[in-house]
Structures are given as C-alpha cells and as structure tokens.
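Structure at a glance
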Amino acid sequence: MRTSQFTQAVVVLATASQSFAQTFSKCDPTKKTGCANNPALPASLDSDFGAATIPPNWIKIESQGSITKENGASSFIVGKQNDSPTADTTGYALFGSFSVEMKAAPGVGIVSSIVLESDNLDEVDWELIGGNNTHIQTNYFGKGDTSTYDRAVWHPIADPQANFHTYTVTWTQDKILWIIDDVVVRSLAYKDAKGGSRFPQTPMRLRLGSWAGGDPTNGQGTIEWAGGKTDFSKAPFAMVVRRVSITNYSPGKEYQWTDQSGSFDSIKVV
Ligand SMILES: *[C@@H]1O[C@H](CO)[C@@H](O)[C@H](O)[C@H]1NC(C)=O
C-alpha cells in the first residue's frame, strides 16, 4: 500500500497511487448527508511522545512501518519500501494552535509530514523533504480545491534533521500563521484565500507521518516533488517526534455540519 496521497500536495502529481491516506475523511459532509458529527479534541492537549508512541487522543493509522520509543521521543520509521508510519489525533479542533516538536527524517525522497485536514479537505501542511536539509515547505488547500498548485512556499531552516524544531500553526477565522521556533515564517489572511472561499475553516485533525514520496514505483511528479528516488538500501529513516501541544479554540463535545457550504458559520459546536 503506497502513500503518495498522504497530502494533497502531491495528489494530482501522483499517477497510480493507492489511497489509504488519501484523506482522513470517510464522509464529506459537503457532499453526503448523514455524516457523523466530528468529535472535539480537548480544549488543551499536551502529548508527550517520549512517554508513549501513541499518547492519549492519538491513533496509529493502519499502515506499515513502526513507531518506536527512544530517548524521550518517538521515531516514525521508514525501514523498507511501502512503510509509512502515521498517527492521527482522534478528535478535531475548530480553530486552534498546533505545535509539533520534531526532527525530520533524512534520506532522498523521504517526506516528514505535519498535516491538518478536515472532512471536506481543508488542509494546512508542513512538509520536510529528506534530501533538503536547508528548507521546509508550507502549503494549504481549501475545500479540496486542487485546480491550482500555487500555494506552496519554501522557508529556510537550520538543519531540521539534526535539530529539534517546533513547528506551529495558529489558526483563527481571520488568519493562519506558520511559525518555526516562535518566528512567524508565513501568514495567510482569510480574504487572501480566494476571498475566503478557499480558507481552511472547518474542524481539522492533525496527522503526523513519514513516507517515501521517492518510492521508485510512484509517479514521476511525486518523485520529483519529493526530491528524487529513495534508496531503500540506506534505510531505516526516522522522523523523531518529541511532543505535540494543541489548543482547541472551540472546545465542546463535537462539531455538527449544519449545511453543505463548508463555511465556518455552518459549523455548530455541540
Ligand atoms: C532545498 O529547497 C530550496 C527551496 O526550494 C532550494 O533552493 C534548494 O536548492 C534545495 N536544496 C536541495 C539540496 O535540493
């Protein structure tokens, strides 16, 4: 099972991809009726990946590749072709702050991903490419709109494979900030995402994972995006997560989508 659709950043580029990770969404409430409400994350969640590989309020997604505990952190290990160790939060937040303290996996074509995604495919990303130890990519999608791929931005960063950095997204209905170690590297205002229509604004879950975008069996576009073909003889490759802190700005029991607009004012906090 391959994971070239871990993130929408590569969906269109991937030609023959499988889809377990295509989306977090089993039911898109803007396309179907009867979707279950989204369970809410706590108002505040501090997850120590040194204490448990899968802390409370997280779940390991069915995928190959192991997550192991070591030195006060958890290693998400791509040990061979088709490994893609992945963990999701079990609940959703509607606006919030999400901080991930981690080191990126090395290895050409190996991608370390931090992805927020909603059930109608609003998405906010950090992507670290193993063959590039000087820059990190940020991206976002609104309502699963992949008609253009012009939103990715690269940012300089100091040795993310050797150093723990804290990658934070703060997300309100007015703007999204991407922050590395307390320095804002990118800001997106609501109105600048196609007048708000492509601004992420529905309850999102957080996914962490490492995967081989450079798997030689992936589409050429995916391999290029990931920085080249992965040499699995150099495995294992480990992304190392120390802790994740989440503040959910709309705490409650769950979120109800009251219509099919996908706009924030259609979401009811129960
Ligand atoms: C890393 O990414 C930056 C931004 O895209 C690029 O300028 C640089 O050449 C890349 N480095 C490598 C080793 O690919």
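A few points on the structure. Computed from a predicted model, the values in this text were never measured in an experiment.

Attention now goes to the site of the ligand. Neighbouring residues of the ligand: Gly131, Asn132, His135 and Trp154. The protein chains hide 42% of the 360 Å² of surface that the ligand would expose on its own. Looking at the shell around the ligand, its residues break down into 1 nonpolar, 3 polar and no charged.

What follows deals with the sheet that holds strand E6 (residues 86-89). Pairing is antiparallel across the open sheet formed by 7 strands, whose spatial order is E3-E6-E15-E8-E9-E10-E11. Taken across any chain shown, the strands that pair with only one partner, and hence form the sheet edges, are strand E3 (58-60) and strand E11 (153-156). Strand after strand, the sheet turns through a mean of 20° between neighbouring axes, direction not considered. Where strand E9 (residues 123-129) lies against strand E10 (residues 135-141), 5 bridges are found, and the strand directions are antiparallel. Within E10, the position partnered with Asp125 by the bridge is Asn139.

Using the criterion set out here, one finds 1 disulfide in the structure. Two residues share a disulfide in this structure: Cys27 and Cys35, whose sulfurs sit 2.0 Å from each other. When the S-S torsion is -80°, as for the bridge of Cys27 with Cys35, the disulfide is left-handed. The exposure class assigned to Cys35 is buried, which follows from its relative accessible area of 17%.

Attention now moves to the sheet that holds strand E18 (residues 267-269). Spatial strand order, E1-E17-E18: 3 strands in an open sheet with antiparallel pairing. With partners counted over all chains shown, the strands left at the sheet margins are strand E1 (38-39) and E18, one partner each.

This next bit is on unusual backbone geometry. Ala235 connects to Pro236 through a cis peptide bond whose omega is 5°. Within the secondary structure, Pro236 sits in the loop between helix H1 (220-225) and strand E16 (237-248). At Phe95, a residue that is not glycine, the phi angle is positive and equals roughly 65°. As for its position among the elements, Phe95 is in the loop between E6 and strand E7 (96-103). A positive phi angle is found at Lys143, which is not glycine, with a value near 55°.

The subject of this paragraph is the pattern of salt bridges. Counted according to the given criterion, the structure contains 11 salt bridges. The shortest N-O distance in the salt bridge between Asp28 and Lys31 comes to 3.4 Å. Members of the salt-bridge network, linked through shared partners, are Asp145, Lys194 and Arg198.

The rules behind the values
Residues numbered from 1 in each chain as written. Predicted model: local features only at pLDDT ≥ 70, side-chain atom pairs only at ≥ 80, totals over all residues. Heavy atoms only, no water. Near = heavy atom within 4 Å. Areas by Shrake-Rupley, 256 points an atom, 1.4 Å probe, with all protein chains shown as cover. Nonpolar A, V, L, I, M, F, W, Y, C, P; charged D, E, K, R; others polar. Pairing = 2+ DSSP bridges. Helix = DSSP H or I, 4+ residues; strand = E, 2+ residues; numbered from the N terminus. Axes fitted to C-alpha atoms, helices over the stretch in contact; angles between N-to-C directions. Disulfide = S-S within 2.5 Å. Buried < 20%, exposed > 50% of the residue type's maximum accessible area, 1.4 Å probe, protein only. Salt bridge = Lys/Arg side-chain N within 4 Å of Asp/Glu carboxyl O.

Note that all results are geometric; they support no functional claim without further evidence.
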